[in-house]
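One-letter residues, chain by chain:
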Amino acid sequence: MRIRALRALRAASWRSSSAMPGKCGEMRLDMSKKLYYDSAYLKEWQTSVSGTVEREDGLYLILEETAFYPHGGGQPCDAGTIGGIPVLDVILEGEEVLHKVAAVPGEGTVSCQLDWRRRFDHMQQHSGQHLLSAVFRGLFQAMTLSFHLGGDYATIDIELAELSPEQLAAAEQEVNRQVVQDHSIVSYYVTGEEMARLPLVKLPKVTENIRIVEIEGVEHNACGGTHVSSTGAIGMIKLLRAEKQKGNIRITFKCGGRALDEANANQRILGALSAKFNTGKDEIMDRIGKWEAEQKLLQAELALFKEQNAGYLAQELLAGQQQEASVLAEVFEEKPFKDLQSLAVRLTASTKLPVLLLTAAENKVVLACSGADFSCGAFFKATLSEFQGKGGGSDKMAQAGFPAWEDALRFYEFAKGSI
């Protein structure tokens, strides 16, 4: 990568004691001060742009101080503005934080602002994950294997082969009990010797600059993410589902504002169902059960009527076929294709003629026959492409769909005259 100074004075300092040789003769800058480690609640600050990185995918800024958290540890990056210019991405390379932008802001001091709603949401979800993982360890001795924080929900994979609905409910009850205990959440750095004396959940991969996130009275965890100041700030934690994932269990959950949005969305759906079925929310499931039973009866009656109607229609078509006809063909305006297939089977049981049926509702054709001297599938394979049709089948039955009614009708007329 190519790094250039924005100001001559800064360039001079790079060439002196502040600059260090990098790979392939590149010059590396002093690392940005990471303000998100000092306080996750910092929303605005002023700093200077110390350099830029130009790449094929865009332009990146290096700031002397940054509170923009980069991608890492299952947590997405922050968003916001630098000198009024939107931050498109934030990445960590080595120990340097790079901020992707569309343009370089003016020289001098720049004002930076976080998208606080996004940051606080990430803080709630990440802190909630720590607490939830601690609860699963305490209740079921299940370690967390991975954490993913998405734009809509978060997940953890826990080392557990089975998890019953009752166990999931117990975990949700306990994690929310821990939330309202309002345990303080603090972070600090320790040496390797100090770390050895802590009851860590899991040993970190790093051996220096070890950052510990402690939930008072609950756990000590080596973590580089951003967190709320106490468990009460996590808000409600809602466990949405538990499903098997590669021999373990994946828990999908939402915290804080996301959990509230989920509850509100569910309430709107529940209210709409209550209004639709004209019943209270406690009786909705009973009402839906009765509605499903009614629907099954109606479907059974409809199937019987359709079967009877198909029989009458088949008799009518057979009675109306001309003596010299080589194919029994008919076009239907609104009949579903599935019904055409059933009708074709019924017709071929009573005639040796090939049966060709077309539905305008779906631009589809079915061809069926009971004789041994004609193959429906072979005929379709040889001719469909000329009419932009797609399909195929066996010797006894073939079907095809067409992009437009005109194509379907042209094929139908061609087949009727060719078979």
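It should be noted that the structure appears before, not after, this text.
So, here's what we can say about the structure. As the structure is a prediction and not an experimental result, all values here were calculated from the model.

Judged by pairing direction, the sheet is antiparallel, and its 3 strands sit side by side in the order β14-β15-β16 without closing on themselves. Either end of the sheet is taken by a strand with one partner, and the two such strands are β14 (185-190) and β16 (219-222). Adjacent strand axes in the sheet meet at a mean angle of 25 degrees, parallel and antiparallel pairs treated alike. Bridging between strand β15 (residues 210-215) and β16 involves 4 bridges; their strand directions are antiparallel.

Attention now goes to the environment of Ala171. By secondary structure assignment, the location of Ala171 is in helix α4 (residues 165-180). Between the C-alpha atoms of Ala171 and Ser39, which are 132 residues apart in sequence, the distance is 30 Å. Each residue touching Ala171, except ones within four places of it in the same chain, is listed here: Val135, Phe136, Leu139, Phe140 and Leu239.

This part covers the pattern of salt bridges. All told, the structure shown has 19 salt bridges when counted by the stated rule. Ionic pairing is found between Glu172 and Lys238, a salt bridge with its closest N-O pair at 3.4 Å. Of the two residues, Glu172 sits in helix α4 while Lys238 sits in strand β17 (residues 237-245), which places them 66 residues apart along the sequence. Exposure remark for Glu172: the relative accessible area of 18% places this residue in the buried category. Among the salt bridges present, the one from Arg346 reaches Glu307, with a minimum N-O distance of 2.3 Å. Linking Arg346 in helix α8 (residues 337-348) with Glu307 in helix α7 (residues 284-320), this pair joins segments that are 39 residues apart in sequence. With a relative accessible area of 49%, Glu307 lands in the partly exposed category. Through salt bridges with shared partners, one network takes in Asp152, Lys254 and Glu262.

This brings us to unusual backbone geometry. A positive phi angle is found at Asp182, which is not glycine, with a value near 55 degrees. As for its placement among the helices and strands, Asp182 is situated in the loop between α4 and β14. Note on Asp182: relative accessible area 43%, which makes it partly exposed. Positive phi outside glycine occurs at Lys246, with the angle close to 55 degrees. Taking relative accessible area as the criterion, Lys246 reaches 79% and is therefore assigned exposed.

Next up on the list: the side chain of Asp407. You can see Asp407 is positioned in helix α10 (residues 405-418). In contact with Asp407, other than residues within four places in its own chain, are Phe387, Gln388 and Phe402.

This brings us to the pairing of β15. Where burial is concerned, most of β15 is hidden: 6 out of the 6 residues are buried. Bridge count for β14 against β15 is 6 bridges, and the pairing is antiparallel. Counterpart to Val190 in the pairing with β15 is Ile210. Taking the residues between adjacent antiparallel strands as the criterion, β15 and β16 are bridged by 3 residues, where Gly217 takes a positive phi near 75 degrees.

A few words now on the packing of aromatic side chains. Taken as a whole and assessed by the stated rule, the structure comprises 16 aromatic pairs. Consider the rings of Tyr41 and Trp116, whose centres lie 5.8 Å apart with planes at 45 degrees: the pair is tilted. Taken together, the positions of Tyr41 in the loop between α2 (35-38) and β5 (44-55) and Trp116 in helix α3 (residues 116-140) put the pair 75 residues apart, joining distant regions of the chain. Between Phe379 and Phe414, the ring centres sit 6.2 Å apart and the planes meet at 15 degrees, which makes this aromatic pair stacked. Of this pair, Phe379 sits in helix α9 (residues 376-383) while Phe414 sits in helix α10; the two residues are 35 residues apart in sequence, bridging distant segments of the chain. With a relative accessible area of 31%, Phe414 lands in the partly exposed category. Over the ring of Tyr60 we find Arg55; its NZ or CZ atom is 5.6 Å from the centre of that ring. The cationic tip of Arg241 hangs over the ring face of Tyr153; the distance from NZ or CZ to the ring centre is 5.6 Å.

So, about the packing of α9 against α10. Where α9 meets α10, the closest approach of the two axes is 12 Å, and the angle between their N-to-C directions is 125 degrees. In terms of axis orientation, α9 runs oblique to α10. Seen along the crossing, α9 lies across α10 with a hand that is right-handed. Touching Phe379, Phe380 and Thr383 of α9 are Phe411, Phe414, Ala415 and Ser418, all from α10. Classifying every residue of the contact of α9 with α10 by side-chain character gives 5 nonpolar, 2 polar and no charged.

Let us now look at the side chain of Gln178. With respect to the element layout, Gln178 can be found in helix α4. A distance of 2.8 Å separates the side chain of Gln178 from the side chain of Glu174, its partner in a polar contact. With near-sequence residues (within four places) excluded, Gln178 lies in contact with Leu131, Val135, His183, Val218 and Thr231.

Reading guide: rules and limits
Residues numbered from 1 in each chain as written. Predicted model: local features only at pLDDT ≥ 70, side-chain atom pairs only at ≥ 80, totals over all residues. Heavy atoms only, no water. Pairing = 2+ DSSP bridges. Helix = DSSP H or I, 4+ residues; strand = E, 2+ residues; numbered from the N terminus. Axes fitted to C-alpha atoms, helices over the stretch in contact; angles between N-to-C directions. Contact = heavy atoms within 4.5 Å. Salt bridge = Lys/Arg side-chain N within 4 Å of Asp/Glu carboxyl O. Buried < 20%, exposed > 50% of the residue type's maximum accessible area, 1.4 Å probe, protein only. Phe/Tyr/Trp six-rings, centres within 6.5 Å; stacked < 30°, edge-to-face > 60°. Lys NZ or Arg CZ within 6 Å of the ring centre and 35° of its normal. Parallel < 35°, antiparallel > 145°, perpendicular 65-115°, else oblique. Left-handed = near helix turned anticlockwise from the far one by under 90°. Nonpolar A, V, L, I, M, F, W, Y, C, P; charged D, E, K, R; others polar. Polar contact = N/O pair within 3.5 Å; in protein donor to acceptor, adjacent residues only side chain to side chain.

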